[in-house]
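# Structure at a glance
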Amino acid sequence: MPTIDDYLAQHAADFEDDLCQLLRIASVSADSRHRADVRRAADWLVEQFRGLKMPVELCETPGHPIVYAEWLGAPGAPTALVYGHYDVQPPDPLDEWISPPFEPTRRDGNLYARGATDDKGQMLTHVKSAQAWMQTAGRLPINLKFLIEGEEEVGSENLEQFIAANRQRLACDVVVISDTSQFAPEQPAITYGLRGIAYFELRLTGPKQDLHSGTFGGGVMNPANALTQMLAALINSRGQIQVPGFYDDVEPLTDAERRQFAKLAFNENEFCGELGIAAAAGETGFSTLERRWARPTFDINGLWSGYQGEGSKTVLPARAGAKFSFRLVPRQDPKKIHAALEAMLKRLLPLGVSMELLAYHGAPGVVVPLDSPYVKAAARAIERGFGRAPVYIREGGSIPVVSTFRQQLGVDTLLLGWGLNDDNTHSPNEKFCLADYHRGIKASAHLWEEINRG
Ligand code: BES
Ligand code: ZN
């Protein structure tokens, strides 16, 4: 019988081919034109689990389906639940991709495609590690459940309901998610904190149609002027958010944690160089890692109004709008922030325009404990897979389900990210380093054993 490591080495090419198959499916959850593609990705996963002889079910939701599989052949051993997502972000702007987003292409040891790292490649490492165990030992060292959804990139709208309705079935000792990043190339990490989010759209309407800005400008409130004034009032020049009560529930960073962050080998010049910016920016009094990982923020995500075509047009637009979001830290409540924001915007709204505020997804930030046997098991597994011990970091992105798992199942999550900060997630030329894909599979394969060891 080959060992696990032999099996992984022998099947490396197959693992890459399988990932390419999944990446060719354009499972863009936000775009209704891709509805059938999203389902094809779910069906593809179902077939993967069938191949492993793992009982699997395609669970319908009001939105995109959830894939649930389980292997419960290790009575008495711990149970881990792997969560991942098979949906991806829209690929635009398309003309900035070197190779097309849904034609996975190898370049310089990386695989380029939408979803390569977020989250198809990372999620698949756990499916492939289960495959390695099933095809060699015929069993896994622990009980394993897989919950893979198709709506993560649109706020996991139907997942909470599914988890609440399936608490018995999803019961486990620990959740494992690979949908985050390493600290740096060759420096794996265990992530113990993520930010939450509160996402909004503001629409302003002025006159009944676009007007001549000479004839009417100065006498009619311009919705674009109103919008920019209102948005500008949400944050001051010190990077502090001005929504009343916004910081009330924010816990200050401890000195110990600030020292921990400062010890990490973060090079600000390299960071700026890689992003093509002259200087980092953010809230006064905090370092770049603190600002990105552990402080709340405000970002405009989209902004539109008026004339966008060639040359100039003297128009006073009838409408203006923006999408924007706050990243939140633990204890901040997205609902409370929504209420305070709405009241503030109503106060700021100038006469002559009307507003509509839409609230999209909201999720609280999370910090998970590090003093658990599961974290120690994960650290050993990562060392075996990556040849280097992990560092402990927080990250700025959001995975809404982490807090749901705590609330509904009473369990903590291991955030074991195999990605890199320059993987271009949500942007053109997303990639996943193939060596990290294989190291991730190896770490995952050892994780099941290490969790069993305790
Ligand atoms: N993989 C990311 C989450 C992430 C990003 C973790 C960066 C750590 C660092 C995930 O797929 C994602 O993008 N989530 C969304 C959630 C939102 C749509 C509710 C996010 O963070 O924008
Ligand atoms: Zn994402």
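The structure contained in this document is the topic of the report that follows.

Thresholds applied
- Residues numbered from 1 in each chain as written.
- Chains lettered and ligands numbered in written order.
- Predicted model: local features only at pLDDT ≥ 70, side-chain atom pairs only at ≥ 80, totals over all residues.
- Heavy atoms only, no water.
- Donors = N, O, S within 2.8 Å, 3.2 Å for Na, K, Ca; no water.
- Tetrahedral: all angles 85-135°; square planar, octahedral: opposite > 155°, others 65-115°.
- Helix = DSSP H or I, 4+ residues; strand = E, 2+ residues; numbered from the N terminus.
- Buried < 20%, exposed > 50% of the residue type's maximum accessible area, 1.4 Å probe, protein only.
- Phe/Tyr/Trp six-rings, centres within 6.5 Å; stacked < 30°, edge-to-face > 60°.
- Lys NZ or Arg CZ within 6 Å of the ring centre and 35° of its normal.
- Contact = heavy atoms within 4.5 Å.
- Near = heavy atom within 4 Å.
- Polar contact = N/O pair within 3.5 Å; in protein donor to acceptor, adjacent residues only side chain to side chain.
- Areas by Shrake-Rupley, 256 points an atom, 1.4 Å probe, with all protein chains shown as cover.
- Nonpolar A, V, L, I, M, F, W, Y, C, P; charged D, E, K, R; others polar.
- Axes fitted to C-alpha atoms, helices over the stretch in contact; angles between N-to-C directions.
- Parallel < 35°, antiparallel > 145°, perpendicular 65-115°, else oblique.

### Things to note about the coordination of the zinc ion (ligand 2)
Around the zinc ion (ligand 2), the protein contributes the donor atoms D118 (OD), E153 (OE), E153 (OE) and H426 (NE2), which lie 2.1 to 2.6 Å from the metal centre. With six donor atoms in place around the zinc ion (ligand 2) and angles of 53 to 156° between them, the coordination shape is irregular. Written as a sequence motif, the donor residues of the zinc ion (ligand 2) are D-x34-E-x272-H. Here E153, found in the loop between β6 (143–149) and α5 (159–165), pairs with H426, found in the loop between β17 (413–417) and β18 (431–433); they are 273 residues apart in sequence, far enough to count as distant. Residue H426 is classed as partly exposed on the basis of its relative accessible area of 42%.

### Regarding the packing of aromatic side chains
Under the counting rule described, the total for this entry stands at 16 aromatic pairs. What links up through ring pairs into an aromatic cluster is the set F200, F246, Y247, F298, F324 and F326. Directly above the aromatic system of Y112 lies the positively charged group of R107, at a separation of 4.0 Å from the ring centroid.

### Some thoughts on the environment of T425
Counting through the fold element by element, T425 comes out in the loop between β17 and β18. Judged by relative accessible area, which is 38%, T425 ranks as partly exposed. Sequence-wise, T425 and M355 are 70 residues apart; in three dimensions their C-alpha atoms are separated by 33 Å. Contact partners of T425, with chain neighbours within four places excluded, come to T117, D118 and E430.

### Quick look at the site of ligand 1
Near ligand 1 lie 16 residues; those nearest to it are D118, E152, D179, R327 and S398. At 2.8 Å, a side-chain N or O of E152 approaches an oxygen atom of ligand 1. One nitrogen or oxygen atom from the side chain of H426 is found 2.9 Å from an oxygen atom belonging to ligand 1. Surface burial for ligand 1 is 87%, taken as the share of its 510 Å² of free accessible area covered by protein chains. Residue composition of the shell around ligand 1, grouped by class: four nonpolar, six polar and six charged.

### Concerning the packing of helix α2 (residues 12–23) against helix α15 (residues 434–453)
One way to put it is that α2 packs onto α15 with a least axis distance of 11 Å and a crossing angle of 110°. With respect to each other, α2 and α15 are oriented roughly perpendicular. On the side of α2, the interface is formed by A12, F15, E16 and L19, while α15 contributes L434, Y437, H438 and I441. For the contact of α2 with α15, the class distribution of residues is six nonpolar, one polar and one charged.

### Things to note about unusual backbone geometry
Between D92 and the following residue, P93, the backbone shows a cis peptide bond with an omega angle of 5°. Mapped onto the secondary structure, P93 falls in the loop between β3 (79–85) and β4 (105–107). Between D118 and the following residue, D119, the backbone shows a cis peptide bond with an omega angle of 5°. On the secondary structure map, D119 appears in helix α4 (residues 116–136). Within the chain, D108 stands out as a residue other than glycine whose phi angle is a positive 50°. Topologically, D108 is positioned in the loop between β4 and β5 (110–112). One non-glycine residue, R331, lies in the positive phi region at around 85°. Checked against the element boundaries, R331 lands in the loop between β13 (319–328) and α12 (334–348).

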